[in-house]
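Chain residues, written in single-letter form:
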Amino acid sequence: MSSIGTGYDLSASTFSPDGRVFQVEYAMKAVENSSTAIGIRCKDGVVFGVEKLVLSKLYEQGSNKRIFNVDRHVGMAVAGLLADARSLSEVAREEASNFRSNYGHNIPLKHLSERVAMYVHAYTLYSAVRPFGCSFILGSYDQDDGPQLYMVDPSGISYGYWGCAIGKAKQAAKTEIEKLQMKDMTCRELVKEVAKIIYIVHDEVKDKAFELELSWVGEVTNGKHELVPKDVREEAEKYAKDSLEEEDDSDEENM
Amino acid sequence: MAACMSANRSENAFSANDLVPEWAQEEVSTGTTIMAVEFDGGVVIGADSRTTTGAYIANRVTDKLTPIHDHIFCCRSGSAADTQAVADAVTYQLGFHSIELDEPPLVQTAANLFKQMCYRYREELMAGIIVAGWDKRKGGQVYTVPMGGMIVRQPVSVGGSGSSYIYGFMDSNYKPGMTKEECLHFCTQALTLAMERDGSSGGVARLAAITEDGVERRVVLGNQLPKFSNV
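Residues numbered from 1 in each chain as written. Chains lettered and ligands numbered in written order. Predicted model: local features only at pLDDT ≥ 70, side-chain atom pairs only at ≥ 80, totals over all residues. Heavy atoms only, no water.

Colleague: For this particular structure, what's the right way to read the overall build of chain B?
Modeller: Within chain B, the secondary structure is distributed over five helices and 13 strands. When contacts within chain B are restricted to residue pairs at least 6 apart in sequence, those whose partners lie at least 24 apart make up 62%. Carbon and sulfur atoms provide 52% of the accessible area of chain B, an area that totals close to 11600 Å². (Helix = DSSP H or I, 4+ residues; strand = E, 2+ residues; numbered from the N terminus. Contact = heavy atoms within 4.5 Å. Areas by Shrake-Rupley, 256 points an atom, 1.4 Å probe, with all protein chains shown as cover.)

Below, the structure written as structure tokens:
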């Protein structure tokens, strides 16, 4: 799958003879090296789950968050270079804030993701800068538009989804997500499934310990994006661990 | 003498000019009566049609009901130039915003754009605007943006120099839950009363009803206005 773009891959301002911009593709590889993040949209909200790999026992629990609050009603889960993602979350926050200041209401998620995608795309045009090495999933809920889910990748495109996954186990996660009937589920049901998927796709052999970061936004939170409360989280993790034990032939990751 | 529409007019920046008579120094003003009423399914807006330069009526058939978008109008009072300029700017911004979002714009958005401009340039502008229209989210809405740049949503709102004379009529005759025709009748009566008493308001009564289906405009000519006094 990987190819060598000798000579044509030194800057984002160069096309290869077969019409590829290698710098953008390399940026996407950076995302694929990161641990998995998934977002799923259901009947009454959006749930995010991130597999946060713990590299050292000395890390404080809950630090280095990979899920950000962009606005009261918008959450962002990221995969890839975390520093790039943090800077983009600031960009998204400013966009949402300026929109509210100018127009007097919450920014529609489609518009926000297009604006941030436009910003990401701008960094794929010049040799003086490098593309952002992160993908992110934006999710929101409001009374009028209902739940919305969008994903932006380093090339600067944004897509709307019912469910999507980014990071190293995205293929396996996508397979699991496709099995769900998310349009008929509520957030409470979905939280457990999201936890289960993260546990399934986590590679015990290669990656040892991980922390599960779960957040949601929907009717259950009155339109506010927040980390899932402790009791819901524990219930979800228990469900995930129990399901794993039951399945002897859980589908293996890393196709 | 002065065709000013508000009691708290700010100090004139220009001092007396001996070369030009006083009436020629007067700003062109839409000393006015404007109003808007919400009903279930839309809004009714109304205005008189007099524009004055001092005591001279520069235009006796003015249209003060200006479209900002397909289902959003604004009623203009104050300086004719200021309100036209602001309305043009907001029309552009709202049109652009609507294309970006790929959706019809919200009345609240239009009203906020007016507010932003009227508040930022409050020292230079003399503009009292009522923004009214229909959108899919909240139906018919009326937002008033008086001089100074405040914004507040009201079920019924009056503005302009003639509005002082009809607050009593409005308070005693407005009922929530009126139909479109009742609102039109209410506006016609209110405008007539104001035009009768305010020297800066007069001419014809222009009305418009904005609903999901579009805009329906009406004109009530001077001789067709309701008669309140038998004299």
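Structure's up, so let's keep going.
Colleague: Would you explain the overall build of chain A in this entry?
Modeller: Scanning chain A from terminus to terminus reveals seven helices and 10 strands. Relative to the compact-globule value of 18 Å for 255 residues, chain A shows a C-alpha radius of gyration of 18 Å, a close match. Along the first, second and third principal axes, the C-alpha atoms of chain A reach 50 × 50 × 35 Å. Out of the 255 residues belonging to chain A, those deemed buried represent 51%. For chain A, the accessible surface area stands at approximately 12600 Å², while carbon and sulfur atoms represent 50% of it. Across chain A, 30 positive and 42 negative side-chain charges occur, with their mean positions spaced 3 Å apart. (Rg over C-alpha atoms; globule rule 2.2 N^0.38 Å. Buried < 20%, exposed > 50% of the residue type's maximum accessible area, 1.4 Å probe, protein only. Lys, Arg positive; Asp, Glu negative; His and termini not counted. Charge placed at Lys NZ, Arg CZ, Asp CG, Glu CD.)

Colleague: Please explain the sheet that holds strand β3 (residues 67–71) of chain A as it appears in this structure.
Modeller: Through backbone hydrogen bonds, the strands of a sheet pair up, either in parallel or in antiparallel fashion. Residues and elements named next belong to chain A. Strand order in the open sheet made by the five strands is β3-β4-β5-β6-β7, with antiparallel pairing throughout. Looking at strand neighbours, the two that pair on one side only are β3 and β7 (158–160), the edges of this open sheet. On average, adjacent strands in this sheet sit at an angle of 25 degrees to one another, irrespective of strand direction. Relative to the sheet, helix α3 (residues 109–122) contacts β3, β4 (74–80), β5 (134–142), β6 (146–152) and β7, its axis offset from that of β6 by approximately 10 degrees. (Pairing = 2+ DSSP bridges. Axes fitted to C-alpha atoms, helices over the stretch in contact; angles between N-to-C directions.)

Colleague: Help me understand the interface of chain B and chain A, please; the structure alone is not making it clear to me.
Modeller: Interface size is commonly expressed as the accessible surface area that is lost when the partners come together. Across the contact, 10 residues belong to chain B and 12 residues belong to chain A. Around 1100 Å² of area is buried between chain B and chain A when both sides are counted, 45% of it from carbon and sulfur atoms. Three residues stand out in chain B for area buried against chain A, namely E100, L101 and R137 of chain B, and they jointly supply 44% of the buried area on that side. Inspection of the region where chain B meets chain A yields three salt bridges. One salt bridge in this structure joins D145 of chain A and R137 of chain B, with 3.6 Å as the shortest N-O distance. Linking chain B with chain A are five residue pairs in polar contact (both at pLDDT 80 or more), by the criterion used here. Per element, the largest residue contribution to the side of chain B that touches chain A is five residues, and it comes from helix α3 (residues 107–120) of chain B. Its residues placed into classes, the side of chain B that touches chain A shows three nonpolar, five polar and two charged. (Buried area = accessible area lost by both parts, 1.4 Å probe. Salt bridge = Lys/Arg side-chain N within 4 Å of Asp/Glu carboxyl O. Polar contact = N/O pair within 3.5 Å; in protein donor to acceptor, adjacent residues only side chain to side chain. Nonpolar A, V, L, I, M, F, W, Y, C, P; charged D, E, K, R; others polar.)

Colleague: Would you take a moment to explain the pairing of strand β2 (residues 45–53) of chain A for this structure?
Modeller: Taken residue by residue, a regular strand's side chains alternate between the two faces of the sheet. All names here are of chain A. The buried fraction of β2 is high, at eight of nine residues. Sheet topology places strand β1 (residues 37–42) next to β2; six bridges connect them, and they run antiparallel. In the sheet register, R41 faces β2, and the bridge partner there is V46. In textbook terms, the turn of a hairpin is the stretch between consecutive antiparallel strands, and for β1 and β2 this stretch comprises two residues.

Colleague: Help me understand the UniProt feature "active site" (unreviewed entry) in chain B, please; the structure alone is not making it clear to me.
Modeller: All names here are of chain B. Here, the residues flagged by UniProt with the feature "active site" (unreviewed entry) are T32. Relative to the elements of secondary structure, T32 occurs in the loop between β1 (28–30) and β2 (34–39). Excluding residues within four positions of it along the chain, T32 makes contact with D48, K64, R76, S77, G159, G160, S161, G162, S163, D198, S200 and S201. (UniProt positions renumbered as here; feature names shortened; annotations may be inferred.)

Colleague: What am I meant to see in unusual backbone geometry here?
Modeller: As a rule of thumb, non-glycine residues mostly have phi less than zero, and peptide bonds are mostly trans rather than cis. Residues and elements named next belong to chain A. For N222, which is not glycine, the phi torsion reads 60 degrees and is therefore positive. Looking at where N222 falls in the secondary structure, it is placed in the loop between β9 (210–218) and β10 (226–227). Classification of N222 as exposed rests on a relative accessible area of 65%.

Colleague: Sorry, what's going on with the state of the cysteines here?
Modeller: Two cysteines whose sulfur atoms are joined by a covalent bond form what is called a disulfide. One pass over the structure, following the stated rule, counts zero disulfides over all chains. C134 of chain A supplies the cysteine sulfur nearest to C164 of chain A, a cysteine that is in no disulfide, at a spacing of 14 Å. Assessed through its relative accessible area of 1%, C164 of chain A is described here as buried. Cysteine C74 of chain B remains unbridged, with the sulfur of C75 of chain B as its closest cysteine sulfur at 6.9 Å. For C74 of chain B, a relative accessible area of 0% gives the class buried. (Disulfide = S-S within 2.5 Å.)

Colleague: I keep staring at the packing of helix α2 (residues 82–103) of chain A against α3 of chain A and nothing clicks. Help me out?
Modeller: To characterise two packed helices, one gives the angle between the axes of the helices and the distance between these axes. All names here are of chain A. Remark: α2 packs on α3, axes separated minimally by 10 Å, with the N-to-C direction vectors making an angle of 135 degrees. Judged on the interaxial angle alone, α3 and α2 are oblique. Note on packing geometry: the crossing formed by α2 with α3 is right-handed. The residues of α3 that touch α2, namely those facing L88, V91, A92, E95, A96 and F99, are H111, L112, R115, V116, Y119 and V120. For the contact of α2 with α3, a count of residues per class yields nine nonpolar, one polar and two charged. (Parallel < 35°, antiparallel > 145°, perpendicular 65-115°, else oblique. Left-handed = near helix turned anticlockwise from the far one by under 90°.)

Colleague: In this structure, what is going on with the nonpolar core? I would like to understand it.
Modeller: Note that soluble globular proteins tend to have their nonpolar side chains buried in a common cluster. Among the nonpolar cores identified, the biggest contains 43 residues, and F136 of chain A together with F114 and V131 of chain B are the most heavily contacted of them. The dominant element in this core, judged by the number of residues it contributes, is α3 of chain B, at seven residues. Among the nonpolar cores identified, the runner-up in size contains 29 residues, and I177, C187, V191 and W216 of chain A belong to it. (Core = buried A, V, L, I, M, F, W, Y, C linked by side-chain atoms within 4.5 Å.)

Colleague: Could you clarify how one ought to interpret the UniProt feature "domain: Proteasome alpha-type subunits" (unreviewed entry) in chain A in this entry?
Modeller: In the numbering used here, UniProt assigns the "domain: Proteasome alpha-type subunits" (unreviewed entry) feature to residues 8–30 of chain A. Note that residues 8–30 of chain A is 39% helix and 0% strand, and that its end C-alpha atoms are spaced 18 Å apart.

Colleague: Please explain the side chain of D9 of chain A as it appears in this structure.
Modeller: Looking at the secondary structure, you find D9 of chain A in the segment before α1 (22–32). Put simply, D9 of chain A is tucked away with no salt bridge, and the nearest opposite charge, on K29 of chain A, sits 8.6 Å away.

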